[in-house]
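Listed below, chain by chain, are the residues.
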Amino acid sequence: MNKNISRLKDLPTLPVILQRLFNVLQDEQSTFVDIANVIRHDQTLTEKILRVSNSPYFGHAGKVNTLEQAIMFLGYDLVKGICLGTSVFKLLGRGEREKLGKLWQHSYEVGIIAANISDHVCNIERGICFVSGLLHDIGRVIFLTLDRERYLSILSTDETIQKEREIFGTDHPAAGGSFLENALLPEEIVCAVRYHHTPSQCTRYRETSSIIALAEALSRSFFPKIEDDGAWSDEHDAIVLELSLDEGKMKDIRENSKEESSSMKELFTV
Ligand SMILES: [Fe+2]
Ligand SMILES: [Fe+2]
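Residues numbered from 1 in each chain as written. Chains lettered and ligands numbered in written order. Predicted model: local features only at pLDDT ≥ 70, side-chain atom pairs only at ≥ 80, totals over all residues. Heavy atoms only, no water.

A.B. asks: Can you help me understand the coordination of the iron ion (ligand 1) in this one?
C.D. replies: Put simply, a metal with four donors set out as a tetrahedron has ideal angles of 109.5 degrees, and one with six donors set out as an octahedron has ideal angles of 90 or 180 degrees. The protein atoms donating to the iron ion (ligand 1) are Asp 137 (OD), His 172 (NE2), His 196 (NE2), His 197 (NE2), Glu 216 (OE) and Asp 229 (OD), with metal-donor distances spanning 2.2 to 2.4 Å. Metal-centred angles of 82 to 172° between the 6 donor atoms at the iron ion (ligand 1) mark the site as octahedral. Within one chain, the residues donating to the iron ion (ligand 1) are spaced in sequence as D-x34-H-x23-H-H-x18-E-x12-D. Here the iron ion (ligand 1) and the iron ion (ligand 2) are spaced 3.4 Å apart, with Asp 137 acting as a shared donor. Taken together, the positions of Asp 137 in the loop between helix 9 (126-135) and helix 10 (138-146) and Asp 229 in the loop between helix 15 (206-222) and helix 16 (234-242) put the pair 92 residues apart, joining distant regions of the chain. This pair shows no difference in class: Asp 137 is buried, exactly as Asp 229 is. (Donors = N, O, S within 2.8 Å, 3.2 Å for Na, K, Ca; no water. Tetrahedral: all angles 85-135°; square planar, octahedral: opposite > 155°, others 65-115°. Helix = DSSP H or I, 4+ residues; strand = E, 2+ residues; numbered from the N terminus. Buried < 20%, exposed > 50% of the residue type's maximum accessible area, 1.4 Å probe, protein only.)

A.B. asks: I'm lost on the layout of surface pockets in this one. Help?
C.D. replies: Space left empty within the atom packing is revealed by a probe, the size of a water molecule, rolled over the atoms. Of the pockets and cavities examined, the largest pocket occupies roughly 460 Å³. If you go around the largest pocket, you meet 31 residues; those closest to its centre are Ile 161, His 197, Glu 216, Gly 230 and Ala 231. Listing elements by their share of the lining of the largest pocket, those giving two or more residues are helix 12 (160-168), helix 13 (172-182), helix 15 and helix 16. Among the residues making up the lining of the largest pocket, the classes are represented as 10 nonpolar, 11 polar and 10 charged. (1 Å grid on protein atoms, 1.4 Å probe; cavity = no way out; pocket = protein on both sides within 12 Å on 5 of 7 lines; lining within 4 Å. Points joined across faces, edges and corners; volume = space filled by probe spheres on them. Nonpolar A, V, L, I, M, F, W, Y, C, P; charged D, E, K, R; others polar.)

A.B. asks: I'm lost on the coordination of the iron ion (ligand 2) in this one. Help?
C.D. replies: At this site the iron ion (ligand 2) is bound by His 106 (NE2), His 136 (NE2), Asp 137 (OD), Glu 216 (OE) and Asp 229 (OD), with donor distances of 2.0 to 2.3 Å. In primary-sequence terms, the residues that donate to the iron ion (ligand 2) follow H-x29-H-D-x78-E-x12-D.

A.B. asks: Explanation requested: the side chain of Thr 86 in the structure shown.
C.D. replies: Its location among the elements puts Thr 86 in helix 6 (residues 76-89). For Thr 86, a relative accessible area of 2% translates into the label buried. Within the local environment of Thr 86, its side chain forms a polar contact with the backbone oxygen of Ile 82, the two atoms lying 2.7 Å apart. (Polar contact = N/O pair within 3.5 Å; in protein donor to acceptor, adjacent residues only side chain to side chain.)

A.B. asks: Is there a simple way to think about the packing of helix 2 (residues 16-26) against helix 3 (residues 32-39) in this case?
C.D. replies: Interhelical geometry of helix 2 versus helix 3 gives an angle of 175° and a closest axis separation of 10 Å. Considered as vectors, helix 2 and helix 3 are oriented roughly antiparallel to each other. On helix 3, the residues that touch Ile 17, Arg 20, Leu 21, Val 24 and Leu 25 of helix 2 are Asp 34, Ile 35, Val 38 and Ile 39. Residues that form the contact of helix 2 with helix 3 fall into these classes: 7 nonpolar, no polar and 2 charged. (Axes fitted to C-alpha atoms, helices over the stretch in contact; angles between N-to-C directions. Parallel < 35°, antiparallel > 145°, perpendicular 65-115°, else oblique. Contact = heavy atoms within 4.5 Å.)

A.B. asks: Sorry, what's going on with empty space enclosed by the protein here?
C.D. replies: Applying the stated rule across the entire model yields 2 cavities of 30 Å³ or more. In terms of lining, the largest cavity is formed by Gly 85, Val 88, Phe 89, Leu 103, Trp 104, Ser 107, Leu 134, Leu 135, Asp 137, Ile 138 and Val 141. When residues of the lining of the largest cavity are traced back to their parent elements, those giving at least two are helix 6, helix 8 (101-118), helix 9 and helix 10. When the residues that make up the lining of the largest cavity are grouped by side-chain class, the tally is 8 nonpolar, 2 polar and 1 charged.

A.B. asks: It is not clear to me how the packing of aromatic side chains should be interpreted in this structure. Could you clarify?
C.D. replies: The relative placement of two aromatic rings is captured by the distance of their centres and the angle of their planes. What the rule picks out here adds up to 4 aromatic pairs. Measuring from centroid to centroid gives 5.5 Å for Phe 143 and Tyr 151, while their planes differ by 55°, and the two rings are tilted. Note on Tyr 151: relative accessible area 0%, which makes it buried. One aromatic cluster is present, formed by Phe 143, Tyr 151 and Phe 168 through successive ring pairs. (Phe/Tyr/Trp six-rings, centres within 6.5 Å; stacked < 30°, edge-to-face > 60°.)

A.B. asks: Would you mind going over the environment of Thr 170 with me for this structure?
C.D. replies: Here Thr 170 lies in the loop between helix 12 and helix 13. Taking the relative accessible area as the measure of exposure, Thr 170 reaches 13% and is therefore buried.

Here it is in structure tokens:
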């Protein structure tokens, strides 16, 4: 299966932009100027990055005019995350994307919730949590591109993870983690994605993966939809205690996330 995932790079339908992006992301010497040069070739992506960086949510309303500035303001990781997320999602056909738009919506909602949780946890970066949330289910999009019909039939069942292993020989957290590792995203994001259904198995960056796991479970009650995953379990209760999230903090997280999600909707539509 891992072979299949790395083969994704060679799929004939792969947009040129994603191929170029992979090359530049895999080159450790590349700078934000190189990334800007790749993004510039894709007008939709360029507009998206500029729109995101000028949004009040990211705090630079109306101040960002160029891609270089955007990358500087938003940070390398967030820009890479947005590019990877939207480009991978675009591998699905237009009709498919419309049908599965809620999966992308679920992804940025988890990003928003994770960022809000991180505000109550010491030494955890908000941006890292947002990107990890945005990309947490990228493995599901990969499965959709590999075997659409079969994956659609298990997308909304509670045994999704088990069924993924039966069909693909791996599950979406593992597939997503390997994919992001190949794209040279920071280890913290890779771990958070890889362990977002099993945070207790994460040895490094345990808190970040716990935050994503909790955000995914909370998204089910804040923004219920059939595309969400991650049913609430004892593990989530333990995370709430571990992170000392009392009732007041949980209320803050819920209210801020709900408010922010409506302003983000337009920004992240694919
Ligand atoms: Fe998930
Ligand atoms: Fe999810």
